[in-house]
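# Fold and contact review
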Amino acid sequence: MTSPQPPHQTPPHGLPPDPLQAPLSPPTASSPWAVLWVFLRLGLTSFGGPVAHLGYFRDELVVRRRWLDEHSYADLVALCQFLPGPASSQVGMALGLMRSGWLGALAAWVGFTLPSALVLAALGLGFSSGGAGLPAGLVQGLKVVAVAVVAQAVWGMARSLCTSAGRVALMGAACAITLWQPGVAGQMGAMVGAALVGWWAWGRGPALQPAPAADAWAVPYSRRAGLALLAVFAVLLVALPWWGQASAAGATTATNAANVVTGWAVLDAFYRAGALVFGGGHVVLPLLQSAVVPSGWVAGDAFLAGYGAAQAVPGPLFTFAAFLGAAMAPGWAGAGFAVLAVLGIFLPAFLLVAGALPWWAQLRQRAGARGLLAGVNAAVVGLLLAALWHPVASSALHGPADVALAAIALAALLWWRVPPWVVVLGTALAGWGWQALVVG
């Protein structure tokens, strides 16, 4: 017989009950198939870019399924923010890895990545004069619902992670710095500064950051294995350019043609793009453009059309690589290049986060590190708040109708507890209908 759980307490000021009072579900309790199903649903419904994805992950895996607590989730987000690559995809891989081992990591990545990768690869193969896109009203509705998703994540994480005046001040400072200095430099500066403040304020005495639950971070391998994964990352970063240049030179000589695309060259170009970009998402676009357009692999107009299509599909923006690979050649050759491009751009993200996890899992148990993480977690909330203002809200809310629709979507998520996929679908259709009414 299980012991009864304490009743949920209703917070003051009319706030809804806090679902984070429920107990955590046991670690490594999910099969890879269950992880695949969860992340496939997220891959089909997570619109709005990496910041919104973190909000979807939090709602599904922290609030609803209780795979880990708020502090553990924030620690994981902080780690992935410090690493190169797509932060939301790395968070998903790490959650799958800790939940169900290596197959769980693969299942999480496949589920979250496959839907958008298939759509964009098909568009790349069939591209002619600019690609196909979703109706403008539907896209606008998806952008509006991203505002609600990010606002829900900011509100929930602030309630759990910014529980003192000092942490609220750090959150505000990180938000201000990020808005004042957009881009990776501002984000990294805000997080490093908050980490130092947190260590100085809370890491040298009784820690205000509660000791993390070790069972929420069930990393199923040793630090030595993590070090080996980091070594593989470094070896590939050095070796792939040599293999890519050698294969391209051989193919060019054999065919007596310039700029012949080969599988090794594609793998090298996309691996470097995924390994050397901080901030993920849109930040990778200049690297991809310089890799595929000047070389003649993909035409400039095709690149822009594919980028536009990538904005209208759920899941990580890094799946834009599938479009670019498929646009390099017709038929099965293009399909093969699409597979290599997707594997290449995501492989460094997996090697880095899997390599760092066992070290991070041990580091976060120390009192000094908990103070440091208290500052970093407050800064993460500040970064999300800054992203909520720009570019999420600034690019989505163009008038009173958009603001009202976003407010309704936020109320549905925050107070009415409507499933996120229902809110996404309903808001997208509402945006489509409003656009049709106004234009018509």
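Only a predicted model underlies this, so the values are computations on that prediction, with no experimental measurement involved.

The rules behind the values
Residues numbered from 1 in each chain as written. Predicted model: local features only at pLDDT ≥ 70, side-chain atom pairs only at ≥ 80, totals over all residues. Heavy atoms only, no water. Phe/Tyr/Trp six-rings, centres within 6.5 Å; stacked < 30°, edge-to-face > 60°. Helix = DSSP H or I, 4+ residues; strand = E, 2+ residues; numbered from the N terminus. Buried < 20%, exposed > 50% of the residue type's maximum accessible area, 1.4 Å probe, protein only. Axes fitted to C-alpha atoms, helices over the stretch in contact; angles between N-to-C directions. Parallel < 35°, antiparallel > 145°, perpendicular 65-115°, else oblique. Contact = heavy atoms within 4.5 Å. Nonpolar A, V, L, I, M, F, W, Y, C, P; charged D, E, K, R; others polar. Salt bridge = Lys/Arg side-chain N within 4 Å of Asp/Glu carboxyl O. Core = buried A, V, L, I, M, F, W, Y, C linked by side-chain atoms within 4.5 Å. pLDDT = per-residue confidence, 0-100. Left-handed = near helix turned anticlockwise from the far one by under 90°. Expected span 1.5 Å × (residues − 1). Bend = angle between axes of the 7 residues up to and from the residue. Patch = residues over 30% accessible without salt bridge, like charges linked within 9 Å, V, L, I, M, F, W, Y side chains within 5 Å. Areas by Shrake-Rupley, 256 points an atom, 1.4 Å probe, with all protein chains shown as cover.

### Quick look at the packing of aromatic side chains
Pairs of aromatic rings are described using the distance from one ring centre to the other and the angle between the two planes. Inspection of every chain in the model, using the stated rule, returns nine aromatic pairs. Between Trp102 and Phe350, the aromatic rings sit 6.2 Å apart at their centres with planes inclined by 70°, giving edge-to-face as the arrangement. Placement of the pair is Trp102 in helix α4 (residues 87-125) and Phe350 in helix α13 (residues 331-363), with a sequence separation of 248 residues. Since its relative accessible area comes to 42%, Trp102 is described here as partly exposed. With centroids separated by 5.7 Å and ring planes inclined at 65°, the aromatic side chains of Trp109 and Phe346 adopt a geometry described as edge-to-face. One end of the pair, Trp109, is in helix α4; the other, Phe346, is in helix α13, and 237 residues separate them in sequence.

### Overview of the packing of helix α3 (residues 70-82) against helix α14 (residues 367-396)
At a closest axis distance of 9 Å, the pairing of α3 and α14 adopts a crossing angle of 80°. Taken together, the axes of α3 and α14 lie roughly perpendicular to each other. On α14, the residues that touch His71, Ala74, Asp75, Val77, Ala78 and Phe82 of α3 are Leu373, Val376, Asn377 and Val380. Taken together, the residues of the contact of α3 with α14 break down into seven nonpolar, two polar and one charged.

### Quick look at the pattern of salt bridges
Think of it this way: side chains of opposite charge can pair up when their charged atoms draw near. Tallied over the full model, the rule gives five salt bridges. One salt bridge connects Arg41 with Glu60, and the closest N-O pair in it is separated by 3.9 Å. Of this pair, Arg41 sits in helix α1 (residues 32-45) while Glu60 sits in helix α2 (residues 50-64); the two residues are 19 residues apart in sequence, bridging distant segments of the chain. Looking at Glu60, the relative accessible area reads 8%, which means it is buried. Between Glu70 and Arg58 there is a salt bridge whose closest N-O contact spans 3.1 Å. Of this pair, Glu70 sits in helix α3 while Arg58 sits in helix α2, placing them twelve residues apart in sequence. Residue Glu70 is classed as buried on the basis of its relative accessible area, which comes to 4%.

### Points about the nonpolar core
Across soluble globular proteins, you tend to see nonpolar side chains buried next to one another. One finds Phe39, Val91 and Leu357 to be the most contacted residues of the largest nonpolar core, which totals 92 residues. The biggest single contributor to this core is helix α5 (residues 136-161), with 14 residues. By size, the runner-up hydrophobic cluster in this structure holds 37 residues, among which are Phe270, Ala302, Phe323 and Phe337.

### Things to note about the environment of Ala404
Counting through the fold element by element, Ala404 comes out in helix α15 (residues 400-414). Residues Ala404 and Val144, spaced 260 residues apart in sequence, show a C-alpha to C-alpha distance of 9.7 Å.

### Regarding the confidence of the model for the protein
Summarising the model, the protein shows a mean pLDDT of 80, and 80% of its residues fall at 70 or more. Mean pLDDT across the elements of the protein ranges from a minimum in helix α11 (residues 300-310), with 71, to a maximum in α1, with 94. Counted against residues more than four places away or in other chains, residues 1-20, with its pLDDT under 50, gives 30 contacts. Note on residues 128-133: pLDDT is under 50 here. Beyond four places in sequence and across chains, it has four contacts.

### What to know about the packing of α1 against α4
In contact at an axis separation of 7 Å, α1 and α4 are set at 40° when each is read in the N-to-C sense. Crossing of α1 over α4 shows right-handed handedness.

### Regarding α4
In this model α4 runs just 28 Å from its N-terminal to its C-terminal C-alpha over 39 residues, more than 12% under the 57 Å that 1.5 Å per residue would give. The principal kink in α4, of about 150°, is found at Ser100. Judged by how many residues are buried, α4 sits mostly within the fold: 29 of 39 residues are covered.

### A short note on a nonpolar patch on the surface
A contiguous nonpolar surface patch, about 480 Å² in accessible area, is contributed by Trp421, Val422, Leu425, Leu429 and Trp432. By the element assignment, Trp421 lies in helix α16 (residues 420-439). For Trp421, a relative accessible area of 44% puts it in the partly exposed group.

### Quick look at unusual backbone geometry
The phi torsion at Arg66 lies on the positive side, around 60°, for a residue other than glycine. The class for Arg66 is buried, based on a relative accessible area of 7%.

### Observations concerning the environment of Ala354
Along the chain, the position of Ala354 falls in helix α13. Separated by 128 residues in the primary sequence, Ala354 and Gly226 have C-alpha atoms spaced 6.4 Å apart.

### Details of the environment of Ser222
With respect to the helices and strands, Ser222 occurs in the loop between α7 (184-202) and α8 (223-255). For the pair Ser222 and Gly355, spaced 133 residues apart in sequence, the C-alpha to C-alpha distance is 9.6 Å.

### Concerning α2
Across its 15 residues, α2 extends 20 Å between first and last C-alpha, which sits within 8% of the 21 Å expected from 1.5 Å per residue. Most of α2 sits out of view: twelve of its 15 residues are buried. Listed in full, the buried residues belonging to α2 are Ala52, His53, Leu54, Gly55, Tyr56, Phe57, Arg58, Asp59, Glu60, Leu61, Val62 and Val63. Trailing α2 by a residue or two, Arg66 shows a phi angle of about 60°, which is positive.

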